[in-house]
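Residue strings, one per chain:
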Amino acid sequence: MANHLMATYSRLPVAFVRGEGAWLWDSDHKRYLDALSGIAVCGLGHAHPRVAEAVCAQAGMLLHTSNIYRIPAQESLGERLCAAARMERVFFGNSGAEANEAAIKLARLRAHRRGIEKPEVLVMEKSFHGRTLATLTATGNRKAQAGFEPLVQGFVRVPYDDLQAVETAASNRPNIVAVLVEPIQGEGGIVVPSDDYLPGLRALCDRYQWLLMLDEIQTGMGRTGTLFAHSHAGILPDVMTLAKGLGNGVPIGACLARGEAAEVLGPGSHGSTFGGNPLACVAAETVLDVLTSERLHERAGAVGARIADGLRAALADLPGVVEVRGRGLMIGIQLDRPCAPLVGQALDAGILINVTAERVVRLLPPLIIDDAQAQQIVDSVAQLVRRFLGEQAETADSRSL
Ligand SMILES: *Cc1c(COP(=O)(O)O)cnc(C)c1O
């Protein structure tokens, strides 16, 4: 039946038909605990009553007009989002990649206005910023880029969490105009940088008049324990991109900016047919409402710390476990070997997890999980990892016999 879909995904053999909170049910009525949230999308869980109600009401009223006209729901969301993020203006698109495209275009346009003809954006190794040509170029993963050359010009890459490398780039590349970086690398393996990294980048951006552009598409909307991950570092970016958790499953992306960066894009410089349509904006404003009024980010911080501690304790004696790390409900378990088969084994066991960067089990549960569900994540994942490493050891033993 899937023969007419382009084979862009190697899909697991399951289809979910219904969800409620952190639970999902497949077409055979089997229940699963969702510890992935559609990759950090459904932060409020599935079928959240307030989001469902808002989306239904809006669908019965008005889905789409056009950005040719004023869109009150977009203006209202823009105001709420900017207040929450201490930003000034926002452009709405439909995805993370589009939010980052807007950021890259904004950085280039500002540079051209300053007389820099060939601006460069500094990006990081092992980063992920999307699949469009510019965001794929910004992405620090050669495998994802292979075959799509020629890539887009105007990017310079340095290792993540390495301020010295940024300083060196600053002295060698006079045309750098912005830094695009994830506060915590998601696809790269839940890589949490040192505490001085973001403040250090902020200082360098100020010194060289670069824009600090934070890709908070995975880390934003409460996931790491604060509304946006950069708050942990006590800094503000000039530009911030959001998507994933913003609409809880309704597609929406946002590029926010403050100060001079907020005034760069003008009429005719950028646009989107669907971006910021009433349906998506009403969904996102409801998400922001629920998130802030129920202080779900604080809950994510507390529950996430408990899950990480629980996993550390349960896996402490396993030499195959390198590290449990993360922040809030963005948790990675680094193993010493590739572990992709764990995803299918977890599925059989009734829990949804993910493996990224080959060796990192990634957990991104919805922010609304209760204590029992959190404990179930610890117990199931610890057991799965233990069994996986045990099986591997046995295979190695039998081979050496
Ligand atoms: C998922 C993701 C993107 C891309 O978002 P899409 O909506 O898939 O285009 C970009 N940056 C980060 C950090 C992401 O996690």
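Everything quoted here is computed from the prediction, not taken from an experiment.

Chemist: What's the story with the environment of Leu-211 in this structure? I'm lost.
Modeler: Residue position: Leu-211 is located in strand 8 (residues 211-215). Its relative accessible area of 4% is what places Leu-211 among the buried residues. Separated by 123 residues in the primary sequence, Leu-211 and Gln-334 place their C-alpha atoms 32 Å from one another. Leave out the neighbours within four places in its chain, and Leu-211 touches Leu-106, Ala-107, Arg-110, Val-177, Ala-178, Val-179, Cys-205, Asp-238, Val-239 and Ala-261.

Chemist: Looking at this model, I keep getting lost on the packing of aromatic side chains. Mind explaining?
Modeler: Aromatic ring pairs are described here by two measures, namely the spacing of the ring centres and the angle between the planes. With the rule as written, the count across this model stands at three aromatic pairs. Ring geometry for Phe-16 versus Tyr-32: centroids 5.2 Å apart, planes at 85°, classification edge-to-face. Within this pair, whereas Phe-16 is found in strand 1 (residues 16-20), its partner Tyr-32 is found in strand 3 (residues 31-34), the two being separated by 16 residues in sequence. On the accessibility criterion, Tyr-32 (3% relative accessible area) is buried. Between Tyr-208 and Trp-210 the ring centres are 5.1 Å apart and the planes differ by 25°, which places this aromatic pair in the stacked class. Tyr-208 sits in the partly exposed class, given a relative accessible area of 30%.

Chemist: How should I be thinking about the pattern of salt bridges in this particular structure?
Modeler: Oppositely charged side chains can form a pair if their charged atoms are brought close together. Summed over all chains, the structure comprises 22 salt bridges. Here Arg-70 ties to Glu-75 by a salt bridge, and the two come within 2.9 Å at their closest N and O atoms. Glu-75 gets classed as partly exposed once you look at its relative accessible area, which sits at 38%. The partner of Arg-359 in a salt bridge is Glu-358, with the nearest N and O atoms 3.8 Å apart. One network of salt bridges, with partners in common, ties together Arg-50, Arg-80, Glu-285 and Asp-289.

Thresholds applied
Residues numbered from 1 in each chain as written. Predicted model: local features only at pLDDT ≥ 70, side-chain atom pairs only at ≥ 80, totals over all residues. Heavy atoms only, no water. Helix = DSSP H or I, 4+ residues; strand = E, 2+ residues; numbered from the N terminus. Buried < 20%, exposed > 50% of the residue type's maximum accessible area, 1.4 Å probe, protein only. Contact = heavy atoms within 4.5 Å. Phe/Tyr/Trp six-rings, centres within 6.5 Å; stacked < 30°, edge-to-face > 60°. Salt bridge = Lys/Arg side-chain N within 4 Å of Asp/Glu carboxyl O.

Geometric descriptors of this kind do not, in isolation, establish any biological role.
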